[in-house]
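Observations on the three-dimensional arrangement
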Amino acid sequence: MKLLPASRCRATQKVVVGDHDGVIMCFGMKKGEAVTVFKTLPGQKIARLELGGVLNTPQEKIFIAAGSEIRGFTKRGKQFLSFETNLTESIKAMHISGSDLFLSASYIYNHYCDCKDQHYYLSGDKINDVICLPVERVLRDVPVLACQDRVLRVLQGSDVMYEIEVPGPPTVLALHNGNGGDSGEDLLFGTSDGKLGLIQITASRPLHKWEIRNEKKRGGILCVDSFDIVGDGVKDLLVGRDDGMVEVYSFDNTNEPVLRFDQTLSESVTSIQGGCVGKDGYDEIVVSTYSGWVTGLTTEPIHKESGPGEELKINQEMQNKISSLRSELEHLQYKVLQEREKYQQSSHSSKAKSAVPSFSVNDKFTLNKDDASYSLILEVQTAIDNVLIQSDVPIDLLDVDKNSAVVSFSNCDSESNDNFLLATYRCQANTTRLELKIRSIEGQYGTLQAYVTPRIQPKTCQVRQYLIKPLSLHQRTHSIDHDRPMNTLTLTGQFSFAELHSWVVFCLPEVPEKPPAGECVTFYFQNTFLDTQLESTYRKGEGVFKSDNISTISILKDVLSKEATKRKINLNISYEINEVSVKHTLKLIHPKLEYQLLLAKKVQLIDALKELQVHEGNTDFLIPEYRCILEEADHLQEEYKKQPAHLERLYGMITDLFIDKFKFKGTNVKTKVPLLLEILDSYDQNALIAFFDAA
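Described below are features of the structure shown in this document. (Residues numbered from 1 in each chain as written. Predicted model: local features only at pLDDT ≥ 70, side-chain atom pairs only at ≥ 80, totals over all residues. Heavy atoms only, no water.)

What to know about the pairing of strand E9 (residues 93-97)
The element E9 is extensively covered by neighbouring structure, given that 5 of its 5 residues are classed as buried. Here E9 shows a buried face lined by Ala93, His95 and Ser97 and a second buried face lined by Met94 and Ile96. For E9 and strand E10 (residues 100-104), the ladder comprises 5 bridges, and the chain directions are antiparallel. Pairing of serine 97 across the sheet is with aspartate 100, part of E10. Linking two consecutive strands that pair antiparallel, namely E9 and E10, is a turn of 2 residues; a positive phi of about 60° is found at glycine 98 within it. (Buried < 20%, exposed > 50% of the residue type's maximum accessible area, 1.4 Å probe, protein only. Helix = DSSP H or I, 4+ residues; strand = E, 2+ residues; numbered from the N terminus. Pairing = 2+ DSSP bridges.)

So, the packing of helix H5 (residues 550-566) against helix H9 (residues 646-663)
Helix packing for two helices is described by the angle between their axes and how far apart those axes are. As a packed pair, H5 and H9 sit with axes 9 Å apart at the nearest point and diverge in direction by 65°. Considered as vectors, H5 and H9 are oriented roughly perpendicular to each other. You can see that H5 and H9 cross each other, and the crossing is left-handed. Contact residues: H5 offers Ile550, Ser551, Ser554 and Asp558, while H9 offers Asp656, Leu657, Asp660, Lys661 and Lys663. (Axes fitted to C-alpha atoms, helices over the stretch in contact; angles between N-to-C directions. Parallel < 35°, antiparallel > 145°, perpendicular 65-115°, else oblique. Left-handed = near helix turned anticlockwise from the far one by under 90°. Contact = heavy atoms within 4.5 Å.)

Digging into the side chain of arginine 433
Here arginine 433 shows up in strand E34 (residues 433-440). Residue classification places arginine 433 among the buried residues on the basis of a relative accessible area of 13%. A polar contact is formed between the side chain of arginine 433 and the backbone oxygen of aspartate 242, at a distance of 2.8 Å. Ignoring anything within four residues of it in the chain, the contact list for arginine 433 reads Asp242, Asp243, Ser266, Ser268, Ile377, Leu378, Glu379 and Ile384. (Polar contact = N/O pair within 3.5 Å; in protein donor to acceptor, adjacent residues only side chain to side chain.)

Considering the sheet that holds strand E5 (residues 46-52)
Overall, antiparallel pairing links the 4 strands, which are arranged E5-E6-E7-E8 in an open sheet. The sheet terminates laterally at E5 and strand E8 (79-84), the two strands that pair on one side only. Averaged over all adjacent pairs, the angle separating strand axes in this sheet is 15°, with direction ignored. Taken together, the 5 bridges between strand E6 (residues 61-66) and strand E7 (residues 69-73) define a ladder with antiparallel strand orientation. Residue alanine 65 lies in a different strand from E7, and its bridge partner there is isoleucine 70.

Some points on helix H10 (residues 673-681)
Buried within H10 are the following residues: Val673, Leu676, Ile679 and Leu680. One side of H10 carries all its buried residues, which in axial view fall inside an arc of 115°. Exposed residues pointing more than 90 degrees away from the buried face of H10 are listed as Glu678 and Asp681. On its buried face, H10 is in contact with helix H6 (580-616), H9 and helix H11 (685-694). (Arc of directions from axis to C-beta.)

The following block contains the structure:
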């Protein structure tokens, strides 16, 4: 969704929207009613809509990307351009600057000038967005690609000039203040894990100006715009997130962003624009949401100061609005009845094909670094009735504050049918978006399935599948600490670079599906739960994996051996185990284990302390530590409830570490596990390290 430029200062603007049915609609608001300017016929799904025109003139030409085609329309709806790019992938992102067209599909970037091919680049990971610094200000073409591997790639022609590491997978790019800021080189980025930042793209290197961490654990950023909504002469930053949050940031004297306003909508915000749409002279923030709503947040005062005559006028206006809404509702109900009858007739006729209604599901399955859990977000264009979650691997479902659905669990027979989890979420009326949190166990891999049933007739369901990978809690990172004690696993054999890459994709998240360009590649990972690390370097016929956690090496050895056996490839496996790494991993686990043991101990004391409080009438006689537990009782119980099986998970990791340490020595120590669990029950770090050394 975009707003067309106004014909004069503070006059109302037209809204233009492209949707999944391939329809472009342009409308304006008149007396609170939407008045259509033009509407095109349905076609291929519109992936992107941008405004363009001759440089330094109002940008009022409408360009859309659908499939591999670009089409251009005037503000009156007349088509003046149809350009088939012949790209092998569908266009995902587009930027227009005068006669220059910058396009990206999943992995391919293309630059066209007057519809003639100029430059081309094949990215190593998925491209989420593309932008170009303003040519009229920096006097050269500087395209920037936002890539899934947490990197912004700055191009010169068909080559990468330099790469910029950002704190999360970038989803959206925008010019600061709409024009690149004071220098014309300032670029805003938003990430899928909700972070926001500003970087100056100079000719030689990037300058990081500021970054907003996602402290409030809000959704990923889908869209940004710059517009002076506060009216202080400085453009504010408007942000739309995938959890329906709309935010307004103003800038203080040091040019640092400060959150001024926020508003929660019930669906993900797909576009955000600042402008004047509803009424002359009143600015507003206009947002479009996933299921097709266009909403305005206005600066117009809702409660007007008025005399007796004015009051009558306002009441009359309100009455007229209510009656027009009623008649619109009656018309819609009549239309629904007609369509329902038509559907019943067509489904009962002998020539009827299967008339199952189709619906689209917007889903996202991502690993959160903060709490080492996966977020599964399901969004449907219509209200959700229920979602059934099924998993063939052991996983924990965690509580989500924003989730109002009622969950019920079914008993599973994991022995006979590989069902470890069956849970049904029943949604309240008008819920179109559901967020779940899941924690997996490394080494246990399989598939999580979500059966999504919306409130439409006849009942229909879509199944979405998500892979739980063997090293599911690992996340890509830009660098690792090379001074840590590392264990090494080396594979050699008659396998190709592409084959080994496909095994790495199978084992680890956030690895691009396509093998990277070149003969050799290195990826770095960090375990989000324990902060251990993994370095994987491989080429044709050889793969080297290094980690400070023996269990990571053990999982890789088992899974890669199994994958090679499936493909009848003979693998030579060798490993070097660093004894110091075991003590190092135990020290990383120590603070987490200590915290969880203390939390469990405090929660156990709460009931007894409350009873004492009731009996004595006050808490003055208690020592400060116990008084503190009573004061924080609700918070402690909530935290304990949010972390089911957290302690068991840590016990499991220590047990695996113990077994894996001796497995590489050729010793089976499973009989000593009960003794290890006894030591953990009366936990002391030194006693645990001594047990590992002595066993």
